[in-house]
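# Working through the structure, step by step
Okay, here's what each chain looks like letter by letter:
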Amino acid sequence: MRFVRSTLFAASLFVGLGIALPGIDTAAAQGASVRDLLEQERPSSAENAARFNEGVAAYDAGDFTRAFNVWLPIAQENDLAAMRNVAILLREGKGVEKDAQRALYFFERAGRAGLVSAQVNTAFMYLNGEGTAQDYKTASFWFHAAAVAGVPAARYNLGVLYERGLGVEQDPARALAWYALAAQTGHELALKRLTELVPSLPGPEPQKEEDRAASITAPPPAEARIDTMKNPAP
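Residues numbered from 1 in each chain as written. Predicted model: local features only at pLDDT ≥ 70, side-chain atom pairs only at ≥ 80, totals over all residues. Heavy atoms only, no water.

A few words on the overall build of the chain. Summing up its helical and strand segments, the chain has 10 helices and 0 strands in all. Of the regular secondary structure in the chain, the N- to C-terminal order runs α-α-α-α-α-α-α-α-α-α. Pairs at least 24 residues apart make up 52% of the contacts formed inside the chain by residues separated by at least 6 positions. Total accessible area on the chain is roughly 13,000 Å²; 53% of this is exposed by carbon and sulfur atoms. (Helix = DSSP H or I, 4+ residues; strand = E, 2+ residues; numbered from the N terminus. Contact = heavy atoms within 4.5 Å. Areas by Shrake-Rupley, 256 points an atom, 1.4 Å probe, with all protein chains shown as cover.)

If you want it as structure tokens, here you go:
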């Protein structure tokens, strides 16, 4: 799996008074706020990008422990891609003890900040009950977020939830709508589901009694299945 660089987001700083700031020229710092001085000590975007790429290189070399140790501090600084990567390693137990609860924590943080791949992973964790109790309602929320962002599998899975009434009120019309959106991008399961569902829908009522024998529909298809995605971090 290749890990993609994301925009770096500054962490919130909670600073008390009277803190000594090592490495800062106090004479030059006169008039500057404590927050400004701390910002001067933070790694630059270029430095963080270099650190992130160091983690990518370690991951590609199979050194998952090194990758985790590089990415964790960056994740704690609110870097979205690092949060997602740390969560993946925690979820899979690569280079670190498997910990689904911590994985979900990082996925949710990144998902709330708008990282779509983290939203997809969060949806699957709630769907499967990983690191939390199984919760179709919360899974539907995160699938919807990713579906609106354009992820075909999220659109299809949201359609499945609407069709089956899992976590949402059963709504065949919405299910068909989300299947159609997923199918527009070539999602195979969505295309297949549409070809199964549409012929099973009732047609117009016959206007003549003798025509009723010709008013037939296909039998209802088997229950829709979730697209589990081999790599649920697009």
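Position of Ala146 relative to the elements: it lies in helix α7 (residues 136-148). With relative accessibility at 0%, the residue Ala146 sits in the buried group. Expressed as a C-alpha distance, the spacing of Ala146 and Leu115, which sit 31 residues apart in the sequence, is 9.0 Å. (Buried < 20%, exposed > 50% of the residue type's maximum accessible area, 1.4 Å probe, protein only.)

With respect to the helices and strands, Glu108 occurs in helix α5 (residues 100-112). Separated by 2.9 Å, the side chains of Glu108 and Tyr126 make a polar contact. Apart from residues lying up to four places away in sequence, Glu108 is in contact with Thr122, Tyr126 and Trp142. (Polar contact = N/O pair within 3.5 Å; in protein donor to acceptor, adjacent residues only side chain to side chain.)

Taken as a class, soluble globular proteins show a tendency for nonpolar side chains to be buried jointly. If you look at the biggest cluster of nonpolar residues, it comprises 61 residues, and the most contacted ones within it are Trp71, Val86, Phe106, Phe143 and Tyr179. If you tally residues by element for this core, the top one is helix α4 (residues 80-92), at 9 residues. (Core = buried A, V, L, I, M, F, W, Y, C linked by side-chain atoms within 4.5 Å.)

Counted according to the given criterion, the structure contains 7 aromatic pairs. An aromatic cluster is built from Phe52, Tyr59, Phe64 and Trp71, whose rings are joined through pairwise contacts. The aromatic ring of Phe64 is capped on one face by Lys94, whose charged end is 5.1 Å from the ring centroid. (Phe/Tyr/Trp six-rings, centres within 6.5 Å; stacked < 30°, edge-to-face > 60°. Lys NZ or Arg CZ within 6 Å of the ring centre and 35° of its normal.)

This structure, assessed with the given rule, holds 10 salt bridges. With a closest N to O distance of 3.7 Å, Glu108 and Arg112 form a salt bridge. Within this pair, Glu108 and its partner Arg112 are both found in helix α5, separated by 4 residues, close to a single helical turn. Arg112 gets classed as exposed once you look at its relative accessible area, which sits at 59%. (Salt bridge = Lys/Arg side-chain N within 4 Å of Asp/Glu carboxyl O.)

Let us look at the packing of helix α8 (residues 152-164) against helix α9 (residues 172-184). With their axes 8 Å apart at the nearest point, α8 and α9 run at an angle of 165° to one another. The angle between α8 and α9 falls in the class roughly antiparallel. Relative to α9, the crossing made by α8 is left-handed. Only Arg174, Ala175, Trp178, Tyr179, Leu181 and Ala182 of α9 make contact with α8, whose side of the interface consists of Pro152, Arg155, Tyr156, Leu158, Gly159, Val160, Tyr162 and Glu163. (Axes fitted to C-alpha atoms, helices over the stretch in contact; angles between N-to-C directions. Parallel < 35°, antiparallel > 145°, perpendicular 65-115°, else oblique. Left-handed = near helix turned anticlockwise from the far one by under 90°.)

Another aspect to go through is the confidence of the model for the chain. Of the residues in the chain, 80% have a pLDDT of 70 or more, and the chain-wide mean is 85. Across residues 6-29, confidence stays below pLDDT 50; counting only partners more than four residues off in sequence or on other chains, it has 35 contacts. (pLDDT = per-residue confidence, 0-100.)

Phi is positive for Asn78, which is not a glycine, with a value near 75°. Within the secondary structure, Asn78 sits in the loop between α3 (64-76) and α4. On the basis of relative accessible area, Asn78 is assigned to the buried category, the value being 18%.

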